[in-house]
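# Coordinate analysis (summary)
Listed here are the chains, written in short residue letters.
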Amino acid sequence: MRPAVHCRCTAEEYLALERSTEQRHEFLAGEVFAMGGASERHTLIVANVVGELRQMLKGRPCKTYPTDMRVRVAPSGLYTYPDIVVVCGVARFDDEQRDTLLNPTLLIEVLSPSTESYDRGDKFEHYRKLDSLLEYVLIAQDRVHVEQFVRQADDQWLLSESDDRAALLRLPSIEVALPVAELYDKVDV
C-alpha cells in the first residue's frame, strides 16, 4: 500500500471522508491511503473490459461496476476500489448509502507499476477472504498478459495465464469469454 495520509481513524470516519471528497482512498486497520491517478493505457483497458462485460451480461442477473465501486472485505477490514467489480445475484451493501459492496463475484485489477506487487500479494490475500469471490483477474498494461485465478471447490485457487492476443479469457464465475484482443483494443503495448 501507499503511505498513509491520515492515521488512526475509525471505519466510520473513513467513510465520512470518502463521501465528502472526490479523491479516493483505501482504508485498513485505522489508516487511510491515497489512491493515485491512472495512465491512459490503464483507463482504456478498464473501459474496454467494462464495455465487453456490459454487452455480454445484458439480460442476466449480474452487474458490472467500474473503478468507483468501493468493496469492503469484512473479514480483514479492508475498504478498496477494484478496477472492475462484477456481482451476480443480489448485491449486498454495507449500509443504506449503497456505495460499499460486500459480495463481489469477480474482481479485475489492471496492473500499474506502483501497485502491481500489492495487487498480486497483500490485496489478493485480502480478497481471498471474501466467500462470494469466485474469480480474480490481473491484466498487464505494458504488454499483452492476463492472469486469472479461479477458486476451486476445495478453496484452492487455480492460476491460468495468457500472452496470446488471439486467446479467449474464459470467466467461469460469470459464464462469459472475453477476447483478449478486445481488452487491449486501442491500447499501445
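Keep in mind it's a predicted model, so treat the numbers as computed, not measured. (Residues numbered from 1 in each chain as written. Predicted model: local features only at pLDDT ≥ 70, side-chain atom pairs only at ≥ 80, totals over all residues. Heavy atoms only, no water.)

### What about the overall build of the protein?
- Broken down by element type, the protein carries five helices and 14 strands.
- By the compact-globule yardstick of 16 Å for 189 residues, the protein fits well, its C-alpha radius of gyration being 16 Å.
- Overall size of the protein, expressed as C-alpha extent along the three principal axes, is 50 × 35 × 30 Å.
- Expressed as a percentage of its 189 residues, the buried residues of the protein come to 48%.
- Considering only intrachain contacts with a sequence separation of at least 6, the fraction spanning at least 24 residues in the protein is 55%. (Helix = DSSP H or I, 4+ residues; strand = E, 2+ residues; numbered from the N terminus. Rg over C-alpha atoms; globule rule 2.2 N^0.38 Å. Buried < 20%, exposed > 50% of the residue type's maximum accessible area, 1.4 Å probe, protein only. Contact = heavy atoms within 4.5 Å.)

### A look at the pairing of strand E11 (residues 146-151)
- Most of E11 is tucked away: six of the six residues are buried.
- Between strand E10 (residues 135-139) and E11, which pair antiparallel and follow one another directly, the connecting turn spans six residues.
- The sheet contact formed by E11 and strand E12 (residues 157-162) spans six bridges and is antiparallel. For Val-146, the partnering residue across the bridge sits in E12 and is Ser-162.
- Hairpin connection, E11 to E12: the antiparallel pair is bridged by five residues, and Asp-155 has positive phi, about 70°. (Pairing = 2+ DSSP bridges.)

### Remarks on the nonpolar core
- Membership of the largest hydrophobic core comes to 27 residues, with the highest contact counts inside it found for Val-49, Leu-53, Ile-139, Leu-171 and Tyr-184.
- Examining the composition of this core, we find that five residues originate from one element, helix H2 (residues 40-56), more than from any other.
- Aside from chain neighbours lying at most four places away, what touches Ile-139 is Ile-45, Val-49, Ile-108, Glu-109, Val-110, Leu-111, His-145, Val-146, Leu-183 and Tyr-184.
- Counting residues in hydrophobic clusters, the runner-up holds 23 residues, among them Leu-28, Val-73, Val-87 and Phe-149. (Core = buried A, V, L, I, M, F, W, Y, C linked by side-chain atoms within 4.5 Å.)

### Structural notes on the side chain of Lys-123
- Its place among the elements puts Lys-123 in helix H4 (residues 122-127).
- A residue is classified by how much of its surface remains accessible, and Lys-123, at 3% relative accessible area, is buried.
- What Lys-123 contacts, discounting residues up to four positions off in sequence, is Glu-26, Thr-80, Tyr-81, Glu-109 and Tyr-118.

### Quick word on the layout of surface pockets
- Within this model, the largest pocket holds a volume of roughly 380 Å³.
- Within the residue set of the lining of the largest pocket, elements represented by two or more residues are H2, strand E9 (106-110) and helix H3 (116-120).
- Here the lining of the largest pocket gets three residues from one element, more than from any other, and that element is H2.
- Grouping the amino acids of the lining of the largest pocket by side-chain chemistry returns six nonpolar, eight polar and seven charged. (1 Å grid on protein atoms, 1.4 Å probe; cavity = no way out; pocket = protein on both sides within 12 Å on 5 of 7 lines; lining within 4 Å. Points joined across faces, edges and corners; volume = space filled by probe spheres on them. Nonpolar A, V, L, I, M, F, W, Y, C, P; charged D, E, K, R; others polar.)

### Here we look at the state of the cysteines
- Counted by the stated rule, this structure contains one disulfide.
- Between Cys-62 and Cys-88 runs a disulfide, and the two sulfur atoms are separated by 2.1 Å. Looking along the S-S bond of the Cys-62-Cys-88 disulfide, the torsion reads about 105°, which is the right-handed sense. Placement of Cys-62 in strand E4 (residues 62-66) and of Cys-88 in strand E7 (residues 84-88) is noted, with a sequence separation of 26 residues between them. (Disulfide = S-S within 2.5 Å.)

Function cannot be read off these values alone, since they describe shape.
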